[in-house]
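Inside the fold
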Amino acid sequence: MALSQLLSSSSRSGNRLKSLSSAISLRHPISTDTTPITVETSVPFTSHQCEVPSRTVQTNAKELLTFFRDMALMRRMEIAADSLYKAKLIRGFCHLYDGQEAVAVGMEAAITKKDSIITAYRDHCTFIARGGTLLEVFAELMGRQAGCSRGKGGSMHFYKKDSNFYGGHGIVGAQVPLGCGLAFAQKYCKDEAVTFALYGDGAANQGQLFEALNISALWDLPAILVCENNHYGMGTAEWRAAKSPAYYKRGDYVPGLKVDGMDVLAVKQACTFAKEHALKNGPIILEMDTYRYHGHSMSDPGSTYRTRDEITGVRQERDPVERIRKLILSHDLATEKELKDTEKEVRKEVDDAIAQAKENPVPDSSELFTNVYAKGLGVESFGADRKEVRATLP
Amino acid sequence: MLGIVRQKMLEQSLKKIQPVASVLRTYSSGAKQMTVREALNSALDEEMSADSKVFLIGEELGEYQGAYKITKGLLDKYGPERVRDTPITEAGFTGIAVGEAYYGLKPVLEFMTFNFSMQAIDHIINSAAKSNYMSAGQISVPIVFRGPNGAAAGVGAQHSQCYAAWYAFCPGLKVLSPYNSEDARGLLKAAIRDPDPVVFLENELLYGESFPISDGVLDSSFCLPIGKAKIERKGKHVTIAAYSKMVGYSLKAAEILEKDGIHAEVVNLRSIRPLDRSTINDSVRKTNRLVTVEEAFPQHGVGAEICACVLEESFSYLDAPVERIAGADVPMPYAANLERMAVPQVEDIVRAAKRTCYRSVLTAAVS
């Protein structure tokens, strides 16, 4: 995640010094003040078969300002993707995450890059949280060479193996057993790390999820299953799809925790708790109560199965970025203007990345035939007219 | 493990397949015999010994010693960390195994038969085969899916399907199918060492069959190349291309044809994907006639692909239409007489080969 501590700043008040370098760089200094601040989460946690973590969270100015910046960046990125899709620069599927930023940001704050994350197709922000760049996102969405999958994956197939981010999966529910497999491998290699396997309330009813959970519990795998419950599986409300929408309890013999997914500090607290639990006791489920402002994908207006009042209501009452803004202002950690300036900065970063991505070339035709195998053995592959287009797989 | 004594077959089979002494094979003094079961077991043992990332996952592998005893003794030798018995939940444990491969481990997953792989096929195709491509090379998947494939004896429609064509359809997968013990050892070792997902199609009725093998094959470094077919029997009048159990039938057919002066060349495909098009075409350019043999359903099958490829590349060399011998285009019946009609028999291969040589016996239909 892009952090920009340019100078050390003491606890803030009116006489915060602007550094020389801030005049040169685009970035405003984020306060590096790490004086602990104690905050309560919005609601207490609810648990199933385990003890409840405290709703009192330790944080500091630096962390809160970083959260604000990261979530604002993600928000801006997703809204920009919406425009690009409508301009037909992004094709196919595009599933946007705006509203759910606190889950990606809070989770990342609780773990290291040694821990693994795997998710489904609503993966743009998770990729950014794991260290991906805006250019890689926009170039991939537009099918260009600089994309994280060199343009060959698309919106649903972002990966960043060097940060243990395993995608990016289009088949609902498939990522959950895959994630439990990652956890198995971490335990097998004695890495002392955990895997977060994210899925939605729609995927929560998949059979393979329960098969994977059964095996994870039998083998004590350090797997944390995170249900991002945005209350709608495509166009179907949770109460129409699940007999029991208490997803944190669906593990039965596997403990679970229900978390306000719009509160980044609650997410961080829960993920810290879950990591400790999973390393000692095996799998645990986290249900993140969250919300997506967009429809399921860009082909879904998102308003035929829910009211506009509901959407605006959540935006007013529970928006994750606004919550952190209020927290920062109420603790006097930054001024309103400084926060607005941060938002302007991230907007510019996003715009610059889009401009760069637009200039980036499409993949070379030869890329049609690369990476079919890790070891192609020199065999032949064919294009549509096999007498015209043949290639040897490297 | 290197049994010189021939093992008794555990399962009933309709036909006892005699191991065929290939015309070409030269035996070192005191040639050893090895069953396909022993070949697979020794290959697994050696690869697990050589690389701690290799481990086994599947139903009944450990404490039961393997449903077909392929993994016998491996739990005792390597422990429960590396020989994992799973619940009967293919979708779940296949997804878990693919995730393990994403992280860099090398799972060898057993399907009790490939009929059950259909419960997990999304993970084989969408999670395993396509990942390296979709991630532009970041996520390779060094997994082997192995198990018995195709017809056994009397097990009925849901337990008898051959999946070679289904899996060979997909770019990103490699599909192998051994015939004899040398194939079994060499190809399984190659599959385990390969960094891509490999579907390894065995045959239940061949597990107990014993074949002679040379000392070279017994070496722990022995490995066969993926993508290369083998000429099991050299000939000059007709090419018979087959895989798995049908190679044995084709060799028997070749002996019968020999008596009528037809010298058949039998090609053991070994690798269904990549298909060794050049060996097949070289053979047909020499013999000018082709018969493909498979146990699977005929439509859109491996034989169809071979015929198409020969027509495309060697059309002017063909002196007769290509012939396909395949399983009957019906779900596998149970009654013994119907089952016999549902799979190719040696006489079917002989008849087709004679047709390509314009030496067929007239049947009731006017030809």
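Note that this is a predicted model, so its numbers are computed, not measured. Counting of residues starts from 1 at the beginning of each chain's written sequence and follows it residue by residue. To read the labels, note that chains go from A and ligands from 1, taken in the order they are written. Given that the model is predicted, a residue must reach a pLDDT of at least 70 before its local features are reported, and side-chain atom pairs must reach 80 or more before they are shown or counted; all residues, however, enter totals for whole chains, interfaces and linings. Excluded from the side-chain calculations are hydrogens and water; all other atoms, namely the structure's heavy atoms, are used.

The secondary structure content of chain A amounts to 12 helices and 12 strands. Radius of gyration means the value over C-alpha atoms here, while the globule rule gives 2.2 Å times the residue count to the 0.38 power. In terms of overall size, chain A behaves like a compact globule, its C-alpha atoms giving a radius of gyration of 22 Å where 394 residues would be expected to give roughly 21 Å. Dimensions along the principal axes, computed over C-alpha positions, put chain A at roughly 75 × 55 × 50 Å. Buried means the residue's accessible area, taken with a 1.4 Å probe over protein chains only, is under 20% of the maximum for its type, while exposed means over 50%, and partly exposed covers the values in between. For chain A, the proportion of its 394 residues judged to be buried stands at 58%. In DSSP terms, a helix is any run of H or I states spanning at least four residues, a strand is any run of E spanning at least two, and both are numbered starting from the N terminus.

Let's shift gears to the packing of aromatic side chains. Residues and elements named next belong to chain A. Only the six-membered ring of Trp is used, alongside the rings of Phe and Tyr, when aromatic pairs are assigned; centres must lie within 6.5 Å, and planes under 30 degrees apart are stacked while those over 60 apart are edge-to-face, with the rest tilted. Enumeration according to the criterion identifies 17 aromatic pairs over all chains in this entry. Taking the centre distance of 5.3 Å and the plane angle of 70° together, the rings of Phe-127 and Phe-158 count as edge-to-face. Highlighted residues: Phe-127 in helix α4 (residues 124-129) and Phe-158 in the loop between α5 (134-141) and α6 (175-188), separated in sequence by 31 residues. What makes Phe-127 buried here is its relative accessible area of 0%. The exposure class of Phe-158 is buried, given its relative accessible area of 0%. Between the aromatic rings of Tyr-232 and Tyr-305, the centroid separation amounts to 5.3 Å while the plane-to-plane angle is 45°, which identifies the pairing as tilted. With a gap of 73 residues between them, Tyr-232 in strand β7 (residues 232-233) and Tyr-305 in the loop between β10 (284-289) and α10 (308-318) connect regions that are remote in the sequence. Each member of the pair, Tyr-232 together with Tyr-305, is buried.

Residues and elements named next belong to chain B. By the criterion of burial, strand β10 (residues 238-242) is predominantly enclosed, with five of the five residues buried. Of the two faces of β10, the one lined by Val-238, Ile-240 and Ala-242 and the one lined by Thr-239 and Ala-241 are each fully buried. Pairs of strands are assigned from DSSP output, requiring at least two bridges between the strands. For β10 and strand β11 (residues 264-268), the ladder comprises five bridges, and the chain directions are parallel. Residue Thr-239 lies in a different strand from β11, and its bridge partner there is Glu-265. Taken together, β10, helix α9 (residues 245-259) and β11 constitute a β-α-β crossover, and its handedness is right-handed. Here four bridges tie β10 to strand β13 (residues 290-293), and the two strands are oriented parallel to one another. Note that in β13 the partner of Ala-242 across the bridge is Val-293. Crossover handedness is defined by viewing with both strands directed away from the observer: a clockwise path from the first strand over the helix to the second marks the crossover as right-handed.

Residues and elements named next belong to chain A. With mixed pairing, six strands are arranged side by side in an open sheet as β2-β9-β10-β6-β5-β4. Because the sheet does not close on itself, it has two edges, and the strands there are β2 (46-48) and β4 (116-118). Here the average twist between neighbouring strands, direction ignored, is 20°. By the bridge criterion, three bridges tie β2 to strand β9 (residues 256-260) in an arrangement that is antiparallel. By the bridge assignment for β9, Thr-46 is matched with Lys-258. Packing against the sheet, helix α3 (residues 101-110) makes contact with β4, β5 (195-200), β6 (223-229) and β10, and its axis sits at approximately 170° to β5. Axis definition: a line fitted to C-alpha atoms, limited for helices to the stretch in contact. Angles are taken between N-to-C directions and run from 0 to 180 degrees. Note on contacts: a residue pair qualifies if any of its non-hydrogen atoms lie within 4.5 Å across the two residues.

So, about the pairing of β9 of chain A. Two faces make up the sheet, and in a regular strand the side chains alternate between them. Residues and elements named next belong to chain A. Here β9 lies mainly inside the structure; four of its five residues are buried. Here β9 runs beside β10; their pairing, made up of five bridges, is parallel. Bridged to Asp-260 within β10 is Asp-289. Regarding the hand of the β-α-β motif, the stretch spanning β9, helix α9 (residues 264-281) and β10 is right-handed.

The subject of this paragraph is empty space enclosed by the protein. Residues and elements named next belong to chain B. Cavity means a closed set of points on a 1 Å grid over the protein atoms alone, one where a 1.4 Å probe fits but cannot get out, pocket means an open set with protein on both sides within 12 Å along at least 5 of 7 lines, and lining means a residue has an atom within 4 Å of a point. Grid points are joined across faces, edges and corners, and a volume is the space filled by probe spheres set on the points. What the rule picks out here adds up to five cavities of 30 Å³ or more. Considering only enclosed or pocket space, the second largest cavity measures out at about 110 Å³ in volume. Residue lining of the second largest cavity: 14 residues in total, with Ser-160, Glu-295, Ala-296, Phe-297 and Met-332 positioned closest to the centre. Residue polarity follows a fixed list, in which Ala, Val, Leu, Ile, Met, Phe, Trp, Tyr, Cys and Pro are nonpolar, Asp, Glu, Lys and Arg are charged, and the others, Gly among them, are polar. Class assignment of the residues belonging to the lining of the second largest cavity gives a composition of nine nonpolar, four polar and one charged.

All right, on to the interface of chain A and chain B then. Contact residues are listed per partner, giving 48 residues for chain A and 52 residues for chain B. Buried area: the sum, over both parts, of the accessible surface (1.4 Å probe) that disappears when the two are put together. Counting each side, the surface lost to burial between chain A and chain B is near 4,100 Å², with a carbon and sulfur contribution of 62%. Three residues, Tyr-188, Trp-219 and Tyr-373 of chain A, lead the burial of chain A against chain B; their summed loss comes to 17% of the area buried on that side. One speaks of a salt bridge when a side-chain nitrogen belonging to Lys or Arg is within 4 Å of a carboxyl oxygen belonging to Asp or Glu. The tally of links between chain A and chain B comes to two salt bridges. In this structure, Arg-386 of chain A engages Glu-312 of chain B in a salt bridge whose closest nitrogen and oxygen atoms are separated by 3.2 Å. Elements that contribute at least two residues to the side of chain A that touches chain B include exactly β4, α6 and α7 (207-218) of chain A. In terms of residue count, the dominant contributor to the side of chain A that touches chain B is α6 of chain A (nine residues). Split into classes, the residues belonging to the side of chain A that touches chain B amount to 25 nonpolar, 12 polar and 11 charged.

This part takes up the side chain of Thr-89 of chain B. Along the polypeptide, Thr-89 of chain B turns up in the loop between β3 (83-85) and α3 (90-103). In this structure Thr-89 of chain B comes out as buried when scored by relative accessible area, which is 15%. In this structure, Thr-89 of chain B is in contact with Glu-211 and Ile-215 of chain A together with Glu-59 of chain B, ignoring residues within four places of it in sequence.

Residue and element names in this part refer to chain A. When its domains are assigned, chain A resolves into domain 1 (36-363) and domain 2 (364-393). Residue ranges assigned to each domain were obtained from an automatic or database domain assignment. Here domain 1 and domain 2 have C-alpha centroids that lie 36 Å from each other. In this complex, domain 1 contributes five residues to the contact, which on the side of domain 2 involves five residues. The contact between domain 1 and domain 2 buries some 380 Å² in all, and 30% of this surface belongs to carbon and sulfur atoms. Considering only the side of domain 1, the residues that lose the most area to domain 2 are Arg-150, Lys-152 and Pro-363, jointly responsible for 95% of the buried surface there. In this structure, the connection of domain 1 to domain 2 is made through two salt bridges. Two residues, Glu-367 and Arg-150, come together in a salt bridge whose shortest N-O distance is 2.8 Å. We define a polar contact as two N or O atoms separated by no more than 3.5 Å, with the added condition that, inside protein, one atom must be a possible hydrogen donor and the other a possible acceptor, whereas residues neighbouring each other in sequence contribute only through side-chain atom pairs. Counting across the domain 1 and domain 2 interface gives four residue pairs in polar contact (both at pLDDT 80 or more).

Attention now goes to helix α13 (residues 346-356) of chain B. All names here are of chain B. Most of α13 sits out of view: eight of its 11 residues are buried. Within the sequence span of α13, burial applies to Val-346, Asp-348, Ile-349, Val-350, Ala-352, Ala-353, Lys-354 and Thr-356. In this structure, the buried residues of α13 make contact with β10, α9, β13 and β14 (323-325). Looking one or two places after α13, you find Tyr-358, whose phi comes out positive at around 55°.

Before going further, it helps to examine the pattern of salt bridges. By the definition in use, this model includes 49 salt bridges over all chains. Of the charged contacts, one joins Asp-319 of chain A and Arg-75 of chain A as a salt bridge, the two residues approaching to 2.9 Å between their closest N and O atoms. Residue Asp-319 of chain A is found in the loop between α10 and α11 (320-330), and its partner Arg-75 of chain A is found in helix α2 (residues 61-86); the two are separated by 244 residues along the sequence. You'll find Asp-319 of chain A and Arg-75 of chain A in the same group, each marked buried. Asp-215 of chain B is paired through a salt bridge with Lys-32 of chain B; the nearest N and O atoms lie 3.3 Å apart. Of this pair, Asp-215 of chain B sits in helix α8 (residues 215-218) while Lys-32 of chain B is found in strand β1 (residues 32-35), placing the two residues 183 residues apart along the sequence. Classification of Asp-215 of chain B as partly exposed rests on a relative accessible area of 46%. For Lys-32 of chain B, a relative accessible area of 29% puts it in the partly exposed group.

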